[in-house]
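Single-letter residue listing:
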Amino acid sequence: MPVPPDPVLRAAFRWLEKLPLNGRARCRALFTTHAEYSDISPTQYDAAYRWLAEAGLLQNPDEALPAGELIFRAALLTGDVSWFPDADVHVRVPAELPLDAARAAAALGLSDFEAYQGIHALWGKVDAAERSRIGAAGETALVELLSSSTAAGIEHVAAYSDGYGYDIGVHAGRHSLHIEAKATTRRNRLTFFLSRREYEVMRCDPLWQLVVLQLTDRFAIRAIGSVASSWIKAQVPEDQGLYGRWEACRVEVPAEQAVSGIPRLAPVLDQEASTLLRG
């Protein structure tokens, strides 16, 4: 479903503003008989009401946000907005608003800056939840694959603590490894967030290894790659003073920086081990 047309957005705005004090029947009578609201047809008012219901704004409206911002965010969330998953790249400043977002913002009386803020507030919330879901699925899939591919002890550390700075421990004597797994379902972009804790462990722990997983839409592992700590270290910022430090860093990995498989585990893999691990 695309972002609704301007009249439907404006009608939705009026519904949200008037409904709390007037109820549906009185609102509809007002919209269809009063000259002040006659710029929008009864059919469009009805379409707006149905859209508000489908978007969940009639049942659980976020009363902390003005009606215009609520509708704008719902239009992005429920619409078929192709650029939204990569909003952090495509909308870096208010002047880069995509056409459909700019149109919706104008219809709802929002400034470019308000629309820009709304996009990133919504994107951050959705992206964090999606990253968490995909990340957990990737860890589980990798633990299962490792368990079936080696006699080494496999410990899903992240299942009980996120304080180790890595997710999976492979206990195999001098071939042990501490794997920090980052997963994605995207084929054309590998971006992950590195926490300060993960970075500090990376610097101090020679067993630490970043492993990137490309998953299918059903969370099966499609490809595995390993990224060198030296390359990661070269990408992160440096603290500039005694009283400030970064706590998380976004890193985008070019395809050529990910070596296929997990080469450091080659000595402990079974003969029948998955080629995904061997590379």
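Just so it is clear, the structure is predicted and the values come from calculations on it, not from any experiment. (Residues numbered from 1 in each chain as written. Predicted model: local features only at pLDDT ≥ 70, side-chain atom pairs only at ≥ 80, totals over all residues. Heavy atoms only, no water.)

## Remarks on the UniProt feature "domain: Protein NO VEIN C-terminal" (unreviewed entry) in the protein chain
Residues annotated by UniProt as "domain: Protein NO VEIN C-terminal" (unreviewed entry) correspond here to residues 149–203. Secondary structure across residues 149–203 divides into 15% helix and 38% strand, with the first and last C-alpha atoms of the span separated by 28 Å. (UniProt positions renumbered as here; feature names shortened; annotations may be inferred. Helix = DSSP H or I, 4+ residues; strand = E, 2+ residues; numbered from the N terminus.)

## Focus on the packing of helix H1 (residues 6–33) against helix H3 (residues 67–78)
Where H1 contacts H3, the axes come no closer than 9 Å and their chain directions differ by 130°. When the axes of H1 and H3 are compared, the pair comes out oblique. As for how H1 packs across H3, the hand of that crossing is right-handed. Of the residues in H3, those touching H1 at Leu9, Ala12, Phe13, Leu16 and Glu17 are Ala67, Gly68, Leu70, Ile71 and Ala75. (Axes fitted to C-alpha atoms, helices over the stretch in contact; angles between N-to-C directions. Parallel < 35°, antiparallel > 145°, perpendicular 65-115°, else oblique. Left-handed = near helix turned anticlockwise from the far one by under 90°. Contact = heavy atoms within 4.5 Å.)

## Topic: the sheet that holds strand S3 (residues 177–184)
Here we have 6 strands laid out as an open sheet, ordered S1-S2-S3-S5-S6-S8, and mixed in their pairing. Looking along the sheet, the strands with just one partner apiece sit at the ends: strand S1 (153–156) and strand S8 (258–260). Adjacent strand axes in the sheet meet at a mean angle of 35°, parallel and antiparallel pairs treated alike. Bridging between strand S6 (residues 221–227) and S8 involves 3 bridges; their strand directions are antiparallel. When the sheet's bridge partners are listed, Val227 is paired in S8 with Ala258. Sitting on the sheet, helix H6 (residues 112–147) is in contact with S1, strand S2 (168–171), S3, strand S5 (208–215) and S6, with an inclination near 130° to S3. (Pairing = 2+ DSSP bridges.)

## Observations concerning the domain arrangement of the protein chain
Each assigned domain of the protein chain is listed with its residue range as follows: domain 1 (6–110) and domain 2 (138–277). The gap between the C-alpha centroids of domain 1 and domain 2 is 42 Å. (Domains from an automatic or database assignment.)

## Quick word on the nonpolar core
Core analysis: the biggest nonpolar cluster contains 42 residues, and Trp15, Ile71, Phe72, Trp83 and Ile119 have the highest contact counts within it. Listed by contribution, the elements that provide at least two residues to this core are H1, helix H2 (42–54), H3, helix H5 (99–107) and H6. With 9 residues, the single largest contributor to this core is H1. In this view, Trp15 contacts Pro20, Arg24, Cys27, Arg28, Phe31, Tyr45, Ala48, Tyr49 and Leu52; residues no more than four positions away in its chain are not counted. Ranked by size, the runner-up nonpolar core spans 24 residues in total, among them Ala141, Ala152, Ile224 and Leu265. (Core = buried A, V, L, I, M, F, W, Y, C linked by side-chain atoms within 4.5 Å. Buried < 20%, exposed > 50% of the residue type's maximum accessible area, 1.4 Å probe, protein only.)

## Some details on the packing of H1 against H2
Viewed as axis vectors pointing N to C, H1 and H2 meet at an angle of 90°, and their least axial separation amounts to 8 Å. Classified by the angle their axes make, H1 and H2 are roughly perpendicular. Facing H1, whose interface residues are Pro7, Val8, Ala11, Ala12, Arg14, Trp15, Leu16, Leu19, Arg24, Arg28, Phe31 and Thr32, H2 presents Pro42, Gln44, Tyr45, Asp46, Ala47, Ala48, Tyr49, Trp51 and Leu52. Classifying every residue of the contact of H1 with H2 by side-chain character gives 15 nonpolar, 2 polar and 4 charged. (Nonpolar A, V, L, I, M, F, W, Y, C, P; charged D, E, K, R; others polar.)

## Some words on the side chain of Glu180
Relative to the assigned elements, Glu180 resides in strand S3. Under the relative-accessibility criterion, Glu180 is labelled buried at 2%. Side-chain polar atoms of Glu180 contact the side chain of Lys182, separated by 3.2 Å. The residues touching Glu180, leaving out its near neighbours within four places in the chain, are Gly165, Tyr166, Asp167, Glu198, Trp208, Gln209, Leu210 and Val211. (Polar contact = N/O pair within 3.5 Å; in protein donor to acceptor, adjacent residues only side chain to side chain.)

## A look at H3
Taking 1.5 Å of rise per residue, the 12 residues of H3 would be expected to cover 16 Å, and the 16 Å separating its terminal C-alpha atoms lies within 8% of that figure. Within H3, 9 of the 12 residues are buried, leaving the element largely enclosed by the surrounding structure. Taken residue by residue, H3 has Ala67, Gly68, Glu69, Leu70, Ile71, Phe72, Ala74, Ala75 and Leu76 as its buried positions. In the core, the buried residues of H3 are packed alongside H1, H2, H5 and H6. (Expected span 1.5 Å × (residues − 1).)

## Side note on the confidence of the model for the protein chain
Averaged over every residue, the pLDDT of the protein chain is 92; the share at 70 or more is 98%. Element-level pLDDT for the protein chain is lowest in helix H4 (residues 87–90), with a mean of 87, against a maximum mean of 97 in S2. (pLDDT = per-residue confidence, 0-100.)

## Here's the deal with the packing of aromatic side chains
Evaluation of the coordinates by the stated rule reveals 9 aromatic pairs. Aromatic pair Tyr160 and Tyr164: ring centres 6.1 Å apart, planes at 85°, arrangement edge-to-face. Here Tyr199 and Trp246 contribute two aromatic rings whose centre-to-centre distance is 5.2 Å and whose plane-to-plane angle is 55°, an arrangement assigned as tilted. Here Tyr199, found in helix H7 (residues 196–204), pairs with Trp246, found in the loop between helix H8 (229–235) and strand S7 (248–252); they are 47 residues apart in sequence, far enough to count as distant. By relative accessible area, Trp246 is classed as buried at 11%. Chaining the aromatic ring pairs together yields one cluster made of Trp15, Phe31, Tyr37, Tyr45 and Tyr49. A cation over an aromatic ring shows up here: Arg24 above the ring of Tyr49, its NZ or CZ 4.0 Å from the ring centre. (Phe/Tyr/Trp six-rings, centres within 6.5 Å; stacked < 30°, edge-to-face > 60°. Lys NZ or Arg CZ within 6 Å of the ring centre and 35° of its normal.)

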